[in-house]
Amino acid sequence: KAGVTQTPRYLIKTRGQQVTLSCSPISGHRSVSWYQQTPGQGLQFLFEYFSETQRNKGNFPGRFSGRQFSNSRSEMNVSTLELGDSALYLCASSLGTGFRNQPQHFGDGTRLSIL
Amino acid sequence: SQQGEEDPQALSIQEGENATMNCSYKTSINNLQWYRQNSGRGLVHLILIRSNEREKHSGRLRVTLDTSKKSSSLLITASRAADTASYFCATDARGGADGLTFGKGTHLIIQP
């Protein structure tokens, strides 16, 4: 069974641009969560989608948005990029609605660098 | 703020020794999970322990949970070089709408 796939693996952007990151969950998994990982703040929850609906959202500005498609694939968008958005963005999938009490399966992330 | 805080921040031991990492958290939880992250990779789930459980084993891993002290420990026995990684605890705050809340991790180095 293929794991969680995130594309692209690396991305370089400049301030003010926007970016879209993609995540394909494990086949059969319907919940997709996104996390931002930085050396200073560690791992922080961005949002979670289940059946194309955003169910939970972390404390991030509205520049961070996401969506989920009918095949459970998810995309995350960041607009008006800032230097502080440089981070490893991780996607995780799990089977059902109770994503917080189930093991999360993570992809290897997208390393976003803002110049 | 971080819900979970791991201790120590870094740990270096010899291969074959046991490694113990601790995690403290602030609010009541439904469950606590431990994850491993190798450099430049995603997180790998190790163990999930529910709030009504006190101890759980998986291979060379042993996790304990003390809800009265709001703390958990991860013990890796007979460590191997391949265990070198960062280890994170993650909590699911009871009644919380947020996702999993991670600590900043313990960086474990196994010296061959």
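Residues numbered from 1 in each chain as written. Chains lettered and ligands numbered in written order. Predicted model: local features only at pLDDT ≥ 70, side-chain atom pairs only at ≥ 80, totals over all residues. Heavy atoms only, no water.

> Give me the interface of chain A and chain B: which residues, what numbers.
Residue-level contacts link 20 residues of chain A with 21 residues of chain B. When chain A packs against chain B, close to 1700 Å² is buried across both sides, 48% of that on carbon and sulfur atoms. Linking chain A with chain B are one salt bridge. Notably, a salt bridge pairs D108 of chain A with R41 of chain B, separated by 2.9 Å at the nearest N-O pair. Taken together, the connections running from chain A to chain B amount to six residue pairs in polar contact (both at pLDDT 80 or more). Among the elements of the structure, β4 (31-38), β5 (42-50), β6 (53-57) and β9 (87-94) of chain A are those that each provide at least two residues to the side of chain A that touches chain B. Taken together, the residues of the side of chain A that touches chain B break down into eight nonpolar, eight polar and four charged. (Contact = heavy atoms within 4.5 Å. Buried area = accessible area lost by both parts, 1.4 Å probe. Salt bridge = Lys/Arg side-chain N within 4 Å of Asp/Glu carboxyl O. Polar contact = N/O pair within 3.5 Å; in protein donor to acceptor, adjacent residues only side chain to side chain. Helix = DSSP H or I, 4+ residues; strand = E, 2+ residues; numbered from the N terminus. Nonpolar A, V, L, I, M, F, W, Y, C, P; charged D, E, K, R; others polar.)

> Residues and numbers for the sheet that holds strand β1 (residues 5-7) of chain B, please.
All names here are of chain B. Strand order in the open sheet formed by five strands is β1-β3-β8-β7-β6, with antiparallel pairing between adjacent strands. Of all the strands in the sheet, the pair left with one neighbour each is β1 and β6 (55-58). The sheet shows a mean angle of 20° between the axes of neighbouring strands, taken without regard to direction. In this structure, β6 lies alongside strand β7 (residues 61-66), joined through four bridges in antiparallel fashion. The residue bridging E55 from the neighbouring strand is T64, located in β7. (Pairing = 2+ DSSP bridges. Axes fitted to C-alpha atoms, helices over the stretch in contact; angles between N-to-C directions.)

> Can you lay out the environment of G109 of chain A for me, pointing to particular residues and giving the numbers?
Residue and element names in this part refer to chain A. Here G109 lies in the loop between β10 (105-106) and β11 (110-114). By relative accessible area, G109 is classed as buried at 1%. Along the backbone, G109 and S65 are 44 residues apart, and their C-alpha atoms lie at a distance of 17 Å. Setting aside residues no more than four positions away along its own chain, G109 makes contact with Q6, P8, R9, L88, Y89 and L90. (Buried < 20%, exposed > 50% of the residue type's maximum accessible area, 1.4 Å probe, protein only.)

By themselves, these observations are geometric and do not establish any function.
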